[in-house]
Structures are given as structure tokens and as C-alpha cells.
Amino acid sequence: MRTSNHLIGLVNFFTFLASIPILGGGIWLSSRANNTDCLKFLQWPLIIIGVAIMVVSLAGFAGACYRNTFLMYLYLWAMFFIIAALIGFIIFAYAVTDKGSGRPVMNRGYLEYYLQDYSGWLEERVKSQSYWMKISSCIRDSHVCGKMRRTYNNGIPEPAEMFYRRKLSPLESGCCKPPTECGYTYMNETVWSSEGGLVGGDPDCVRWNNDQRQLCYNCNSCKAGVLASLKKSWRKVSVINIVILIILVIMYIVAIAAFRHNKQIDNDEPYGETRMEKSQPSRIHF
């Protein structure tokens, strides 16, 4: 029995450790939401799951140490629902970030992003004008466009040839410059000239503004950049969550086996051949 309790306690200790990457992923998404991605509600389910695993594993650890059956039942049932919630969250994360990716552009190192490449619940939420006002304000306040500027030789802007070879983030490409097909002439990273006349028919071409408080924050390409950035962040966290989920399932199965072993001992049920021999020892007659 002591060995089973030690095993359950050890399982709960590792479960507690497994909650740290989940909680860390939620906190990382929260920092991304405050600084770049600007979607501030999607990280909370992950943070809640991480905290719940911590609390439940501590309850299970206490139940194993003090042989408290109620706490052990609470641990097993709560962990079952937490694992189910984590599975649902992973499926949801992949479902809402399934479609859409950047398109390559000839003679450019960066990708272009188009809102029509995305669809679903998340795209509808980002496209909502009332919600987009909050997101665009967050992007503007994060100064993501101002941070992409580079100067050489006492303030001379980066040459166009060098800028075109840069690997821009989805937000930098979608929100901080006009779409390439519009035919704007590069002046610096966030200032473009339309002297040659607009070429493309993309509505974003007329939405672009050299005002540093406007730029392309009202463009569909900026909305697509937010979705692409969010997809990139969530996919990184989802890989960690899948690994942790597998570990949690394995430890949960081990905990159930150890708990059943404890119940068999508490109920004085036969367990194994050796116990049978002790409960009914054979008599040897000479």
C-alpha cells in the first residue's frame, strides 16, 4: 500500500510539473496579446486549465500522502474533465487557425496576406468593425511599425533593394506597408509614394495613408496579418500542449491503476498469487 501511495504522490508531482508549460504557454500568449497579436481573450482558457491542473494535482498529492479517499476521487474525476477540456481546447485552436497563409511575391523576401484566404469564427470576429477598432488601436500602440525602421549613414533610410529582401512578420507586412500590387514607390519602411499612379484594384490601395497613426491599420491585409500572426503563435503553443496532453493521459492511467490497487488492499480483496497463499496457507500432513 505504501508503494502505491508513493506512486500516486509521484504521479501528482509530475502532473504538477506538467501544468507549468501549459500555464507558461497561456502567459506567453497573454504577453503576445498585449504586445503584438492583440487578441486578448483566447489565452484565458489555457491559463485556467494550467491553474486547474496545479490545484487538482496538489489535491491528489495530499490525498496520496494522507490516504484521503475523497481527495483521490476528487483528483481522478477533476483530472478527467481537465484532460477532456485540454483536448477540446487543442481541437478548437487548430480548427480556428486552420485556414490561411501568406502568399509569396515575386522579387520579395516577405509574404503578402489576404483576408479572403481566411474563414471561420476567428475571421468573423476580427473582421467585425467594433472589435477591429480595439485590435487596430492595440497594434498602433504597440509601435510594431515604428520598430521595423532601419537607417544607415546618419539617418539615411534603408535602400529599397534591402527592404524588399527582408523577412517581415505578418503584422509588419500587412499593417505597416501598402500591398505590393498597388504599385506604391518605396521611400522608407512606412512612407510610400503614389506619384506613379496606383496599379492594383485592391481596396487596400486607397486605404493606405502615410500618416503614421493610420498607415494600413484599416486594411484587410492588416486583419489578415493579425490572423496569420495568431495562427503562428497558437501553433507553437499547441505543439507543447499535445506533448503535455500525452504525458497527462499516461500519468492519469497510472494513477487509476495505483488507486484501484489501494482499494483492493483496503477491501481486503485477494490480489495476486502470493496474497492468496497468505490468506489460505496450505497444510502439510506427514
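The protein chain appears in an unreviewed UniProt entry as Tetraspanin-3 from Nicotiana attenuata. Checking UniProt for the protein chain, the heading Sequence similarities (unreviewed entry) contains the comment "Belongs to the tetraspanin (TM4SF) family." Check the Subcellular location (unreviewed entry) section of the UniProt entry for the protein chain; it says "Membrane".

Let's shift gears to the overall build of the protein chain. The helix and strand inventory of the protein chain stands at 10 helices and 6 strands. Looking at the protein chain as a whole, 44% of its 286 residues are labelled buried. Within the protein chain, contacts between residues at least 6 apart in sequence are counted, and of these 68% link residues at least 24 apart.

Applying the stated criterion to the full structure yields 4 disulfides. Each sulfur of the disulfide joining Cys145 and Cys176 lies 1.9 Å from the other. Here the S-S torsion is close to -80°, and the disulfide linking Cys145 with Cys176 is therefore left-handed. In this pair, Cys145 is assigned in the loop between helix H5 (129–142) and strand S3 (151–152) and Cys176 in the loop between helix H7 (170–175) and strand S5 (185–188), connecting sequence segments 31 residues apart. The disulfide partner of Cys216 is Cys219, and the S-S distance across this bridge is 1.8 Å. Looking down the S-S bond of the Cys216 and Cys219 bridge, the torsion is -85°, so its handedness is left-handed. Exposure class is identical for Cys216 and Cys219. Each is buried.

Within this numbering scheme, the UniProt entry marks residues 6–29, 41–62, 74–96 and 239–259 as carrying the feature "transmembrane region" (unreviewed entry). Within residues 74–96, the helical portion is 100% and the strand portion 0%, while the C-alpha atoms at the span's ends are 32 Å from each other.

Here we come to the pattern of salt bridges. Close approach of charged atoms allows side chains of opposite charge to pair. Under the counting rule described, the total for this entry stands at 8 salt bridges. Between Glu189 and Arg166 there is a salt bridge, with its nearest N and O atoms 3.4 Å apart. Of the two residues, Glu189 is situated in the loop between S5 and strand S6 (191–193) and Arg166 in the loop between helix H6 (160–164) and H7; the sequence distance between them amounts to 23 residues. The class for Glu189 is buried, based on a relative accessible area of 1%.

Once that is clear, we can look at the nonpolar core. Core analysis: the biggest nonpolar cluster contains 70 residues, and Ile22, Tyr75, Met79, Ile135, Ile139, Phe163 and Leu248 have the highest contact counts within it. Taken together, the elements giving at least two residues each to this core come down to helix H1 (2–35), helix H2 (44–66), helix H3 (69–96), helix H4 (121–127), H5, H6, H7 and helix H9 (220–266). Residue contributions to this core peak at 16 residues, all from H9. A domain split of this core shows at least three residues from each of domain 1 (1–99 + 233–265) and domain 2 (103–226). When sequence neighbours within four positions are dropped, the list of residues in contact with Tyr75 reads Val11, Asn12, Thr15, Val56, Ser57, Gly60 and Ala255.

Calculation criteria
- Residues numbered from 1 in each chain as written.
- Predicted model: local features only at pLDDT ≥ 70, side-chain atom pairs only at ≥ 80, totals over all residues.
- Heavy atoms only, no water.
- UniProt positions renumbered as here; feature names shortened; annotations may be inferred.
- Helix = DSSP H or I, 4+ residues; strand = E, 2+ residues; numbered from the N terminus.
- Buried < 20%, exposed > 50% of the residue type's maximum accessible area, 1.4 Å probe, protein only.
- Contact = heavy atoms within 4.5 Å.
- Disulfide = S-S within 2.5 Å.
- Salt bridge = Lys/Arg side-chain N within 4 Å of Asp/Glu carboxyl O.
- Core = buried A, V, L, I, M, F, W, Y, C linked by side-chain atoms within 4.5 Å.
- Domains from an automatic or database assignment.

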